[in-house]
Amino acid sequence: MVTTVSRPPAGIALRGLEKRFGDVVAVHPLDLEIAPGEFVVFVGPSGCGKTTVLRMIAGLDDPSAGAVWIGGRAVEHVEPADRDVAMVFQSYALYPHMTVRENLAFGLRMRKHAAADIERRVSRAAGVLGLEALMERRPGQLSGGQKQRVAFGRAMVRDPQVFLFDEPLSNLDARLRADMRREIAELHARLGATMLYVTHDQVEAMTLGQRIAVMRDGRLQQYAPPLEIYRQPANLYVATFIGTPSINLVTGDIVAPAQAAGRAEPSPCLVAGRLSLPLASQQSASRRVTIGVRAENLRVVPPGDSDFTSVVHRVERLGNESLVHLDGPLDDPWIARAAADWAGRAGDAVGVRLDRQHTLWFDAGDGRRLE
């Protein structure tokens, strides 16, 4: 695809980047490589350090240690205005007395750009973002989505090497957020620019990011493409944070081969309440583990043909599918996906079968995923 940027995008490297506020460590030493033109999403709950990382890249916060490299240049001692990055915040921060055209042009005028250059850049941004019909309106005459597009345009006219987005869609309703996600993805495809995006919304992370950095308590938990994050989470935290509905979990023990008729069974088993799974013979016994199974990897079957029996508590009919709420092996809440016309109902006794190939195993102590 032909891009509309006039300069090649820049890669970003974070080397041992750390931020402390007194005795509080907001971001533990972080090493991360972002390729030129890549769209990377930082995701995690409030207070996990994701916005602090973005602000250190932008130069709005000074790192306590480590280095930020943009386009092969160390910039931790470079002023924010000279880093060649543009940041879009959660608040639109538009000047209410200015028209859309004036808002888009204001930063360029402050930097003493020539009038012809300002007009060229503003026209290009308006065309890419579909703002041509709104150029003479003021912010009070715009919808939330239109305001956010103007905020994007104000960053775009700078023609930066890197775009930084700090939860830009948090103020929008669910339907408008979905529309704006599509627009941001299309904007990235058209511009080919390096984009870093911060959000607490896993749907935004999964749908926008080419790679996702999952943060928790100031530490990077996993950095990988969305499908890898979903299918091969590095640890129990990532597995539970990513995915809707949340992954089904149960903790049990791998026990030694049982004695039957005076001789040992060929392999140990995982035992967790009503669930008993035979394991490969090379699995070590006497280990406590947590297994995770996503809703689409559970099958609701007749009770006699299952890994454990259960009772249905509720069925959510979503039109394209049904979500079956039932008892897990330890009577904990589990959810299975079923066909839209699944005939079961609350109170039914059912069997539940696990897809062995897609069952995830974690150490019950430190939460790391086991191969």
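Higher on the page you've got the structure.
Just so it is clear, the model here is predicted, and its values are computed rather than measured.

Enquirer: Outline the sheet that holds strand 6 (residues 85–88), supporting the account with residue identities and numerical values.
Expert: Here we have 6 strands laid out as an open sheet, ordered 6-7-8-3-9-10, and mixed in their pairing. Of all the strands in the sheet, just strand 6 and strand 10 (219–224) have a single pairing partner and so form its edges. Sheet twist, expressed as the average angle between the axes of neighbouring strands with direction ignored, equals 15 degrees. In this structure, strand 6 lies alongside strand 7 (residues 162–166), joined through 4 bridges in parallel fashion. Across the sheet, residue Val85 finds its bridge partner in strand 7, namely Val162. Along the sheet, helix 5 (residues 174–191) contacts strand 3 (39–43), strand 7 and strand 8 (194–199); its crossing angle with strand 8, the most-contacted strand, is approximately 160 degrees.

Enquirer: How would you explain the layout of surface pockets if you had to name every residue and give the values?
Expert: Here the largest pocket is characterised by a volume of approximately 560 Å³. Lining the largest pocket are 24 residues, with Met87, Phe89, Arg111, Arg154 and Arg158 sitting closest to its centre. Broken down by secondary-structure element, the contributors of at least two residues to the lining of the largest pocket are strand 6, helix 2 (100–110) and helix 4 (144–156). In the lining of the largest pocket, the residues fall into 19 nonpolar, 2 polar and 3 charged. What the second largest pocket holds in volume is close to 450 Å³. As for the second largest pocket, its lining consists of 22 residues, of which Arg231, Gln357, His358, Thr359 and Leu360 are closest to the centre.

Parameters at a glance
- Residues numbered from 1 in each chain as written.
- Predicted model: local features only at pLDDT ≥ 70, side-chain atom pairs only at ≥ 80, totals over all residues.
- Heavy atoms only, no water.
- Pairing = 2+ DSSP bridges.
- Helix = DSSP H or I, 4+ residues; strand = E, 2+ residues; numbered from the N terminus.
- Axes fitted to C-alpha atoms, helices over the stretch in contact; angles between N-to-C directions.
- Contact = heavy atoms within 4.5 Å.
- 1 Å grid on protein atoms, 1.4 Å probe; cavity = no way out; pocket = protein on both sides within 12 Å on 5 of 7 lines; lining within 4 Å.
- Points joined across faces, edges and corners; volume = space filled by probe spheres on them.
- Nonpolar A, V, L, I, M, F, W, Y, C, P; charged D, E, K, R; others polar.

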